Amino acid sequence: MTTQSTALSCRCGEVTLEVQGKPIMSAECLCSDCQAAGAVLQALPDAPATLDAKGATRFVMYRKDRVQCTQGQHQLREHRLSEGAPTRRVVAICCNTPMFLEFSHGHWLSVYGGLWPAASLPPLEIRTMTRSRPEGIELPDDVPNPKTHTLTFFGKLLGAWVAMGFRTPKIDYVAGPLETGSVETS
């Protein structure tokens, strides 16, 4: 049996990820951390938009063992909202393209949806953390919009972890911290 793989590149093509098989889930996150980090990342020089008009960040979640960096690892840097934060957002510094979000102790990566051409982006399944959406934002009812997460959301993550034999692979190819300088996020 052949596993389908998809190559995803940063905007300039220096960094390439390969994702294999079907994703765990395709989601938009509206948590305050994704909004804060999105504001910083999209304010980097020539960076693509990270947040949409609703303040959401689009992710496609994959098992860590199904994501490989096949080119440009030396261009990857991490951004943490605070020292010791359990999540890091990884950016290709060649063109300031956000590549993925990693929860350090998790078994999955949330790959930024902006890496896919619009026509091949896996369909949205859920919006999470809608209680943190910006004031005045009304969300469409095209997918579930829970205030936090659903049992289905956690069930899919657990199912993926079971399929991995409860392993939590390490992502050890990120070359250090992202220099954000004095990026303004107003």
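Details of the structure are given in the entry above.
What counts and how
Residues numbered from 1 in each chain as written. Predicted model: local features only at pLDDT ≥ 70, side-chain atom pairs only at ≥ 80, totals over all residues. Heavy atoms only, no water. Salt bridge = Lys/Arg side-chain N within 4 Å of Asp/Glu carboxyl O. Helix = DSSP H or I, 4+ residues; strand = E, 2+ residues; numbered from the N terminus. Buried < 20%, exposed > 50% of the residue type's maximum accessible area, 1.4 Å probe, protein only. Contact = heavy atoms within 4.5 Å. Phe/Tyr/Trp six-rings, centres within 6.5 Å; stacked < 30°, edge-to-face > 60°. Pairing = 2+ DSSP bridges. Axes fitted to C-alpha atoms, helices over the stretch in contact; angles between N-to-C directions. Disulfide = S-S within 2.5 Å.

K.L.:
Is there a simple way to explain the pattern of salt bridges in this structure?
P.N.:
As a working rule, side chains carrying opposite charge can pair if their charged atoms are close by. Following the criterion strictly, the structure yields eleven salt bridges and no others. Its salt-bridge partner being E28, residue K54 comes within 3.4 Å of it at the nearest N-O pair. Taken as a pair, K54 in the loop between α1 (32-42) and β4 (57-63) and E28 in strand β3 (residues 25-29) lie far apart in primary sequence, 26 residues in all. For K54, a relative accessible area of 17% gives the class buried. A network of salt bridges, in which partner residues are shared, links E28, D52, K54, R127 and D142.

K.L.:
Just to check I follow, could you spell out the side chain of T128 for this structure?
P.N.:
Secondary-structure assignment places T128 in strand β10 (residues 126-128). A relative accessible area of 4% places T128 in the buried class. Look past the residues within four positions of T128 in its chain and what remains in contact with it is E28, C29, L30, C31, P146, T148, H149 and F153.

K.L.:
Teacher, can you tell me more about the packing of aromatic side chains here?
P.N.:
In this description, a pair of aromatic rings is defined by centroid distance and the angle of the planes. Enumeration according to the criterion identifies five aromatic pairs in this entry. Taking the centre distance of 5.9 Å and the plane angle of 25 degrees together, the rings of F103 and W108 count as stacked. Its relative accessible area of 28% is what places F103 among the partly exposed residues. Considering the side-chain rings of W161 and F166, the 5.1 Å spacing of their centres and the 75 degrees angle between planes classify their relative orientation as edge-to-face.

K.L.:
Even after reading the chapter, I still don't get the sheet that holds β4, so can you show me in this structure?
P.N.:
Pairing between the strands of a sheet is mediated by backbone hydrogen bonds and can be parallel or antiparallel. Pairing is mixed across the open sheet formed by seven strands, whose spatial order is β6-β7-β8-β9-β4-β3-β10. The sheet terminates laterally at β6 (76-79) and β10, the two strands that pair on one side only. On average, each strand axis in the sheet is tilted by 30 degrees relative to the strand beside it, whichever way the strands run. Two strands pair when backbone bridges link them, and β6 and strand β7 (residues 87-92) are joined in this way by four bridges, in the antiparallel orientation. Pairing of R77 across the sheet is with V91, part of β7. Its contacts with the sheet put α1 on β3, β4, β6, β7, β8 (97-103) and β9 (108-112), and the angle it makes with β7 is roughly 25 degrees. Sheet strands touched by helix α2 (residues 151-163): β3, β4, β9 and β10. Its angle to β4, the strand with the most contacts, is close to 30 degrees.

K.L.:
It is not clear to me how the state of the cysteines should be interpreted in this structure. Could you clarify?
P.N.:
Disulfide: a covalent bond formed between the sulfur atoms of two cysteine residues. Within this structure, the stated rule accounts for zero disulfides. C29 takes part in no disulfide bond, and the closest cysteine sulfur, belonging to C31, lies 3.5 Å away. Residue C69 stays outside any disulfide, its sulfur separated by 9.3 Å from that of C10, the closest cysteine. Residue class for C69 comes out buried when judged on its relative accessible area of 10%.

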